[in-house]
Amino acid sequence: MKRGSLKYLTREGFRNIWVNRLMSLASVTVLMACLIIIGVGSMLYFNINSLLDIVEAQNVVMVYIEDGTQDLDTTDVGNQLKNIENVEDVSFIPKEDAFRKQIEEMGSDSALFEGFEESPLPDAYRVTVKDLTRFSETVAQIKTIPHILDVRENSDLASKLVSVRRAVTIVSAGLVLMLFLVALFIISNTIRITMYSRKLEINIMKAVGATNSFIRWPFLIEGILLGVISSVVSVLILWGIYELIVYAFASVVSSLGFNFVNFLDYIWYILAAFAIIGIFTGTVGSMVSMNKYLKEQRSIVNNE
């Protein structure tokens, strides 16, 4: 295709949007609605993931050292814990510090411990696990280390957190896929209606020898432009909606020890995802509709 023809057909794609502005507006609106719902679902997913990260960080393994263990052996236990592949962090809690904290938390009831010259609690290590799916495996490795008195862990909570994260991921992916198919259907039908409105023009172009590529190009440009416009506007609207939600519920959520994630930390990822979805649906929708139309008109010829 010559450069002049390419410029002309590209201008035609822009012109199509203006000439069929009501249908274009309908397409952009529907696609924007789909993208915004996808965006809301994505931000919900990011916030749930952030909350799960906080809960997972609190789901630690407490490793208590046998009473009478030498300092060198206690240090060696810590080194072995750090060498376990799935261990994120290891912090030592001296028995004196643990006893002092226990007395502070008991308040007036701490009088029960008057007369204790030494801490009755053992030294301990606070172990944070990287991957909760390997929680039980990691606990089993910890229990094989010598000089360990006891291991306190909550494997039930760990397995539930893993199940929740997996469920959230599956639901989010299903929602994105469903809305993606809806957007594809809407765009393809909009392009198809546009082609029927220009039925006479397309038939004249075919009659004078225009190739299928020559005819497809303006509609392809139109589909891409609809996708780009929808993606950009959707991100801006989603940003506004999210900030309103944060403003309305920030105080309530923060009182529970959780803060909303910052939208700007994800804005470029969301914009890129929206652009890909918008351009892809616009491109595929226009191509599918164009091929169907040409087949219905029995006008496809092998002259590309």
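Above this text you will find the structure in question.
Cut-off values and rules
Position numbers for residues count from 1 along each chain, tracking the sequence in the order it is written. Where totals are concerned, whole chains, interfaces and linings use all residues; where local detail is concerned, this predicted model gives features only for residues with pLDDT of at least 70, and gives and counts side-chain atom pairs only at 80 or more. Hydrogen atoms and water are omitted, and side-chain values are computed over all heavy atoms in the structure. Strands here are runs of E lasting at least two residues and helices are runs of H or I lasting at least four, both read from the DSSP assignment and numbered beginning at the N terminus. Residue burial is assigned from relative accessible area. The probe radius is 1.4 Å, only protein chains are included, and a residue is buried under 20% of its type maximum, exposed over 50%, and partly exposed in between. We call two N or O atoms a polar contact when they sit within 3.5 Å, provided that within protein one can donate a hydrogen and the other can accept it, with sequence-adjacent residues counted only if both atoms are side-chain atoms. Residue contacts follow a heavy-atom distance rule, with two residues in contact if any of their heavy atoms lie within 4.5 Å. Aromatic contacts are taken between Phe, Tyr and Trp rings whose centres are within 6.5 Å, Trp giving its six-membered ring; a plane angle under 30 degrees counts as stacked, one over 60 as edge-to-face, and the others as tilted. Take the buried Ala, Val, Leu, Ile, Met, Phe, Trp, Tyr and Cys residues and link them wherever side-chain atoms come within 4.5 Å; each set so joined is a nonpolar core. One bridge is not enough; two strands pair if DSSP finds at least two bridges between them. Between N-to-C directions, angles cover 0 to 180 degrees, with each direction set by a line fitted to C-alpha atoms, over the stretch in contact for helices. By construction, the arc corresponds to the directions joining the helix axis to the C-beta atoms.

S.K.: Provide a residue-level description of the side chain of Asn-47, including the pertinent values.
M.R.: For Asn-47, the location among the structural elements is in helix 2 (residues 21–58). Residue classification places Asn-47 among the buried residues on the basis of a relative accessible area of 9%. A polar side-chain atom of Asn-47 sits 2.7 Å from the main-chain carbonyl oxygen of Met-43. At 3.2 Å, the side chain of Asn-47 forms a polar contact with the side chain of Tyr-242. Aside from chain neighbours lying at most four places away, what touches Asn-47 is Tyr-242, Phe-258, Asn-259, Phe-260 and Val-261.

S.K.: I'd like a rundown of the packing of aromatic side chains, residues and numbers included.
M.R.: Working definition: an aromatic ring pair is given by the centre-to-centre distance plus the angle between the planes. Taken as a whole, this structure holds six aromatic pairs when the rule is applied. A centroid spacing of 5.1 Å and a plane angle of 50° characterise the contact between Phe-92 and Tyr-125, whose relative ring orientation is tilted. Residue Phe-92 is located in strand 2 (residues 87–93), and its partner Tyr-125 is located in strand 3 (residues 124–129); the two are separated by 33 residues in the primary sequence. Here the aromatic rings of Tyr-242 and Phe-263 are separated by 5.7 Å at their centres, their planes lie at 40°, and the arrangement is tilted. One end of the pair, Tyr-242, is in helix 8 (residues 212–255); the other, Phe-263, is in the loop between helix 8 and helix 9 (267–296), and 21 residues separate them in sequence. Its relative accessible area of 0% is what places Phe-263 among the buried residues. In this structure an aromatic cluster arises from ring pairing among Trp-239, Tyr-242, Phe-260 and Phe-263.

S.K.: Outline the nonpolar core, supporting the account with residue identities and numerical values.
M.R.: Residues Val-61, Val-63, Leu-81, Tyr-125, Val-127 and Ile-142 are the most contacted members of the largest nonpolar core, which totals 21 residues. Those elements that provide at least two residues to this core are strand 1 (61–65), helix 3 (71–83), strand 2, strand 3, helix 5 (135–143), strand 4 (148–152) and helix 6 (155–197). Discounting chain neighbours no more than four positions away, the residues touching Tyr-125 are Val-61, Met-62, Val-63, Ile-65, Thr-74, Thr-75, Val-77, Gly-78, Leu-81, Val-90, Ser-91 and Phe-92.

S.K.: Could you give me a rundown of the sheet that holds strand 3, with the residues and numbers involved?
M.R.: Pairing is antiparallel in the open sheet, where four strands are placed in the order 2-3-1-4. With one partner strand each, in any of the chains shown, strand 2 and strand 4 form the two edges of the open sheet. Between one strand and the next, the sheet's axes are offset by a mean angle of 20°, whatever the strand orientation. Sheet analysis places strand 1 next to strand 3, joined by four bridges and oriented antiparallel. Counted as the bridge partner of Val-61 is Val-127 from strand 3. Contacts from helix 3 reach strand 1, strand 2, strand 3 and strand 4, with the element oriented near 5° to strand 3.

S.K.: Just give me the short version of the environment of Ile-245, but keep the residues and values in it.
M.R.: Tracing the backbone shows Ile-245 in helix 8. Spatially, the C-alpha atom of Ile-245 lies 9.6 Å from that of Phe-260, the residues being 15 residues apart in sequence. Ignoring sequence-local partners within four residues, the contact set of Ile-245 consists of Ala-250 and Phe-260.

S.K.: Would you mind going over helix 5 in detail, with residue names and values included?
M.R.: Those residues of helix 5 that sit buried are Phe-135, Thr-138, Val-139 and Ile-142. When helix 5 is viewed along its axis, its buried side chains cluster within an angular range of 100° and face the same direction.

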